[in-house]
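Close look at the chain arrangement
These are the residues of each chain, in order.
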Amino acid sequence: MGWAIALHGGAGDIPVDLPTDKRAPREATLRRCLDLGVAALKAGRSPLDVVELVARELENCPYFNAGRGSVLTTNGTVEMEASIMDGTSKGCGCVSGLTTVVNPISLARVVMEKTPHIYLAFDGAEAFAREQGLETRDQSYFITEQNIERLKQAKEANRVQIDYTQPQPIKEQAIPRSEGDSQIGTVGCVAVDRNGNLASATSTGGLVNKMVGRIGDTPVIGSGTYANTICAVSATGKGESIIRNTIARDVAALMEYKGLSLKDAANQVIANAPKGTVGLVAVTDKGDVAMPFNTTGMFRACAVEDGHSEIAIW
Amino acid sequence: MGWAIALHGGAGDIPVDLPTDKRAPREATLRRCLDLGVAALKAGHSPLDVVELVARELENCPYFNAGRGSVLTTNGTVEMEASIMDGTSKGCGCVSGLTTVVNPISLARVVMEKTPHIYLAFDGAEAFAREQGLETRDQSYFITEQNIERLKQAKEANRVQIDYTQPQPIKEQAIPRSEGDSQIGTVGCVAVDRNGNLASATSTGKMVGRIGDTPVIGAGTYANTICAVSATGKGESIIRNTIARDVAALMEYKGLSLKDAANQVIANAPKGTVGLVAVTDKGDVAMPFNTTGMFRACAVEDGHSEIAIW
């Protein structure tokens, strides 16, 4: 038994011909985050510290849909959400509706550790972030050209959109996109240390062109994030599917109540959700890792103490 | 197998010597809601219609912590949240941060049925309510004298307070309240029709900017084809322990009966923090709690019915 870590940058209809200029920076970020997380685990940091650290790095990367680089609401603004859970204590922290907080996952952790509550949102959460001295920036910091383009495209197609779709010139949009275009994009990390302590963190900007005030699965404990003494799970994909199917909790419940292995539990949960809508990363107290998905792809990476590591998209 | 319904008005440290003027109107509301729900089930309404109908009635009653009569935020305002789930489709609708919507549970249902989303909150939810023509009222409609008094008391005691605590004269507050005073109070309803279709609804009032278990699917509300659950009590315990989902998961994955599953979930949560009502597709009912009491009522088609507090 040793440490293990798994992280993701979102599951969805990621085209297999993703051009190099879009693929390379994401793979580089996955590698950088994996190295950071592994170094922290080797140095004996707690899994809670590790997942927060990695999630922050993913939030800071403008190529993933969380923190900087979050997709835009129908009003062209960002509304970010995140949650973190400590498997040992089952403590959790959740935030939604953030507009200026640079690292939502860190605010979620502060909610968990500094308030008697679990979940703060919108104005109350923003005010708390300032009170606690977390770093905040103007909206323009979070908004990228790519996401302005995605919103425009989604409005023209008049629907809520996947955020990994290639922007298309308007002329070529005569045919509506295939059903493969599900709404995706989130970042997350799960980790276990040598003592079997587990933690999970998930963060996102939500759905392109979402209604103002829409909350997805990411801040919902049991849906996007879950950790107990058996496993830690972070899910990604179509928020509505993840909530209905209580994805993260179900992986753990199948292990606890039905005695399934992580692999079988994770595969079953993914198989039971509508195709093209979900992916997850999970680790157990024994150092097992699973990264199943029923979408075209999922940006992901993992490493275990015995040396095996992996970075993949499809 | 027949229809069944169970509803609650909140679990918590409800004093056994609750004076008649506080007890009678609550029991009357539980009875009225039970009768309404039973009549609707007998008339063949869907469980989704039934739980919404009952939750609306509970929201409109000023004696329970939901809709009118919601406890106040530190700013002296109300912030309400709710969720509803259809066990057959596993469709769900959730709302948080409502300040003027008269029936939060109805907005939750509209989110479920009229948007591609599940959960809307704060300004976005309020705007959507107006767009959909739901009834809204000024804040003063929701605020009751009792809750103004409770807020005052809580501020003086400088802590977040149970909403069923008896208001005490200030002199008697020298001793801090016992641990039994957790933050509680919520309303909810679960129902199953003769065909085994299930639904659950939960609604409550909350502190500013804070979201509790009530709009969190799997925590305060859950329904699938096996059972429907609505939880109440200390929100943090309900979320951490994914109370509503776990009752169903224990039945599905471990093969437990509703009774055993519900009791295990309650027993595993810290004492004094949770209660729930649940029904199954077969018409079984459970209403366990580990608090002093839980305002509750249930009825099944074979004629058995119950209204109780402790």
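An unreviewed UniProt entry annotates chain B as beta-aspartyl-peptidase originating from Rhynchospora pubera. Regarding chain B, the relevant UniProt record gives this comment under Subunit (unreviewed entry): "Heterotetramer of two alpha and two beta chains arranged as a dimer of alpha/beta heterodimers." The record held by UniProt for chain B lists under Catalytic activity (unreviewed entry) the comment "Cleavage of a beta-linked Asp residue from the N-terminus of a polypeptide."

The name given to chain A in an unreviewed UniProt entry is beta-aspartyl-peptidase, with the source organism recorded as Rhynchospora pubera. As recorded by UniProt, the Subunit (unreviewed entry) comment attached to chain A reads in full: "Heterotetramer of two alpha and two beta chains arranged as a dimer of alpha/beta heterodimers." Checking UniProt for chain A, the heading Catalytic activity (unreviewed entry) contains the comment "Cleavage of a beta-linked Asp residue from the N-terminus of a polypeptide."

Let's shift gears to the interface of chain B and chain A. Accessible area lost when the parts come together is the quantity often used to give the size of an interface. Each partner contributes residues to the interface: chain B has 34 residues there, and chain A has 37 residues. Carbon and sulfur atoms supply 65% of the area buried between chain B and chain A, which totals about 3100 Å² over both sides. Broken down residue by residue, the surface that chain B buries against chain A is led by His117(B), Arg240(B) and Tyr253(B), which jointly contribute 22%. The closest approach of N and O atoms between Asp250(A) and Arg245(B), which form a salt bridge, is 2.7 Å. The tally of links between chain B and chain A comes to 17 residue pairs in polar contact (both at pLDDT 80 or more). Elements with a contribution of two residues or more to the side of chain B that touches chain A: β3 (91-98), β4 (119-121), α4 (122-131), β7 (210-211), α6 (235-240) and α7 (243-254) of chain B. Among the elements that line the side of chain B that touches chain A, the one with the most residues is α7(B), at 6 residues. In terms of residue class, the side of chain B that touches chain A is made up of 18 nonpolar, 9 polar and 7 charged. Bridge count between strand β4 (residues 119-121) of chain A and β7(B): 2 bridges; the pairing is antiparallel. Within the sheet, the bridge partner assigned to Tyr119(A) lies in β7(B) and is Ile211(B).

With that out of the way, let us pick up the sheet that holds strand β12 (residues 297-304) of chain A. Read from one edge to the other, the open sheet built from 9 strands follows the order β13(A)-β12(A)-β1(A)-β5(A)-β6(A)-β2(A)-β3(A)-β4(A)-β7(B), with strand pairing classed as mixed. Every interior strand has two partners, whereas the edge strands, β13 (309-312) of chain A together with β7 of chain B, have only one. Packing against the sheet, helix α1 (residues 20-42) of chain A makes contact with β1 (4-12), β5 (187-192), β12 and β13 of chain A, and its axis sits at approximately 155° to β1(A). Each of β2 (80-86), β3 (91-98), β4 and β6 (198-204) of chain A touches helix α3 (residues 104-114) of chain A; the most contacted strand, β3(A), lies at about 130° to it.

Below, the discussion takes up the side chain of His117(B). Residue placement: His117(B) occurs in the loop between α3 (104-114) and β4. Take His117(B): its relative accessible area is 3%, and that puts it in the buried class. Among the polar contacts listed, one links the side chain of His117(B) to the backbone nitrogen of Met211(A), at a separation of 3.4 Å. Side-chain polar atoms of His117(B) contact the side chain of Glu240(A), separated by 3.3 Å.

What follows deals with the nonpolar core. Among the nonpolar cores identified, the biggest contains 97 residues, and Leu280(A) and Leu276(B) are the most heavily contacted of them. Excluding residues that lie within four positions of it along the chain, Leu280(A) makes contacts with Val233(A), Ser234(A), Ala235(A), Ile247(A), Val251(A), Ala266(A), Val269(A), Ile270(A), Ala290(A), Met291(A), Pro292(A) and Met298(A). Judged by nonpolar contacts, the second largest core, of 55 residues, contains Ile14(A), Leu34(A), Leu98(A) and Leu120(A).

Attention shifts here to the pairing of strand β2 (residues 79-86) of chain B. Residues and elements named next belong to chain B. For β2, the buried fraction is high: 8 of the 8 residues fall into the buried class. For β2 and strand β6 (residues 198-206), the ladder comprises 8 bridges, and the chain directions are antiparallel. For Ser83, the partnering residue across the bridge sits in β6 and is Thr202. Summarising the sheet, β2 and β3 pair through 6 bridges and their orientation is antiparallel. What sits directly across from Ala82, in β3, is Val95. Counting the residues that bridge the hairpin from β2 to β3 gives 4 residues, and of these Lys90 lies at a positive phi of roughly 60°.

Further remarks concern the UniProt feature "binding site: substrate" (unreviewed entry) in chain A. All names here are of chain A. UniProt tags Arg214, Ile215, Gly216, Asp217, Thr236, Gly237, Lys238 and Gly239 as "binding site: substrate" (unreviewed entry). With respect to the element layout, Asp217 can be found in the loop between β7 (214-215) and β8 (225-227). When near neighbours in sequence (up to four residues on either side) are disregarded, Asp217 contacts Ser223, Gly224, Ala235, Gly239, Ile242 and Ile243. Mapped onto the elements, Lys238 comes out in the loop between β9 (231-237) and α6 (239-244).

With that settled, consider the UniProt feature "active site" (unreviewed entry) in chain A. Residue and element names in this part refer to chain A. In the numbering used here, UniProt assigns the "active site" (unreviewed entry) feature to Thr186. One can find Thr186 in the loop between α5 (145-157) and β5. If sequence neighbours within four positions are ignored, Thr186 has contacts with His8, Gly9, Gly10, Asn65, Thr202, Ser203, Thr204, Thr218, Ala235 and Thr236.

Cut-offs applied
- Residues numbered from 1 in each chain as written.
- Chains lettered and ligands numbered in written order.
- Predicted model: local features only at pLDDT ≥ 70, side-chain atom pairs only at ≥ 80, totals over all residues.
- Heavy atoms only, no water.
- UniProt positions renumbered as here; feature names shortened; annotations may be inferred.
- Contact = heavy atoms within 4.5 Å.
- Buried area = accessible area lost by both parts, 1.4 Å probe.
- Salt bridge = Lys/Arg side-chain N within 4 Å of Asp/Glu carboxyl O.
- Polar contact = N/O pair within 3.5 Å; in protein donor to acceptor, adjacent residues only side chain to side chain.
- Helix = DSSP H or I, 4+ residues; strand = E, 2+ residues; numbered from the N terminus.
- Nonpolar A, V, L, I, M, F, W, Y, C, P; charged D, E, K, R; others polar.
- Pairing = 2+ DSSP bridges.
- Axes fitted to C-alpha atoms, helices over the stretch in contact; angles between N-to-C directions.
- Buried < 20%, exposed > 50% of the residue type's maximum accessible area, 1.4 Å probe, protein only.
- Core = buried A, V, L, I, M, F, W, Y, C linked by side-chain atoms within 4.5 Å.

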